[in-house]
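Chain by chain, the residues:
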Amino acid sequence: MKIMLIDDSKTMRNIQKSVLSQLGYTQIEEACDGQDALSKVGAFAPDLLLVDWNMPNMDGLTFVKRYRQTDRTTPIIMVTTESEKSRVIEAIKAGVNNYVVKPFTPDVLSQRISETVSKAA
């Protein structure tokens, strides 16, 4: 399974990458913001996207809205510090399939990925 990590924090991408490799996922592409992700997503063709909300240039919500204009099926998990219910609802309306609040444990991330992928299959 190919996974794209979209987060402006290199540290956060490294944490996610570490968790993903422990789960056996090795095909991982990274992007530092929504704009960078849009430039890479076509060629990489991910099976799952993990997207941060707050990023420079293009935030995660804007990226999700743009991406959903051309791809309605690939699962997206929003991984963010935004935990207010209204924000969660806004993200889901934009096309996010699941939600993980930072900081998270490897178990939580693993569980969300499993849930999301099994629903999408």
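Just so it is clear, the model here is predicted, and its values are computed rather than measured.

Asker: Which residues make up the overall build of the protein chain, and what values go with them?
Answerer: Secondary structure assignment for the protein chain yields 5 helices and 5 strands. Counted from the first residue to the last, the protein chain has its helices and strands arranged as β-α-β-α-β-α-β-α-β-α. Compactness check: the protein chain gives a C-alpha radius of gyration of 13 Å against a globular reference of 14 Å for 121 residues, within 12% of the reference. A principal-axis box enclosing the C-alpha atoms of the protein chain has dimensions of 35 × 30 × 30 Å. Per element, the accessible surface of the protein chain, about 6,100 Å² overall, is 49% carbon and sulfur. Taking the average place of the 15 positive charges on the side chains of the protein chain and the average place of its 15 negative ones, the gap between the two points comes to 4 Å.

Asker: Which residues make up the packing of helix α3 (residues 60-70) against helix α4 (residues 85-94), and what are the values?
Answerer: Relative orientation of the contacting elements α3 and α4 amounts to 20 degrees, with a least axis distance of 9 Å. The angle between the axes of α3 and α4 places the two elements in the roughly parallel class. Seen from α3, the contacting residues are Leu61, Val64, Lys65 and Arg68; seen from α4, they are Glu90, Ala91 and Ala94. Tallied by class, the residues present in the contact of α3 with α4 amount to 4 nonpolar, no polar and 3 charged.

About the thresholds
- Residues numbered from 1 in each chain as written.
- Predicted model: local features only at pLDDT ≥ 70, side-chain atom pairs only at ≥ 80, totals over all residues.
- Heavy atoms only, no water.
- Helix = DSSP H or I, 4+ residues; strand = E, 2+ residues; numbered from the N terminus.
- Rg over C-alpha atoms; globule rule 2.2 N^0.38 Å.
- Areas by Shrake-Rupley, 256 points an atom, 1.4 Å probe, with all protein chains shown as cover.
- Lys, Arg positive; Asp, Glu negative; His and termini not counted.
- Charge placed at Lys NZ, Arg CZ, Asp CG, Glu CD.
- Axes fitted to C-alpha atoms, helices over the stretch in contact; angles between N-to-C directions.
- Parallel < 35°, antiparallel > 145°, perpendicular 65-115°, else oblique.
- Contact = heavy atoms within 4.5 Å.
- Nonpolar A, V, L, I, M, F, W, Y, C, P; charged D, E, K, R; others polar.

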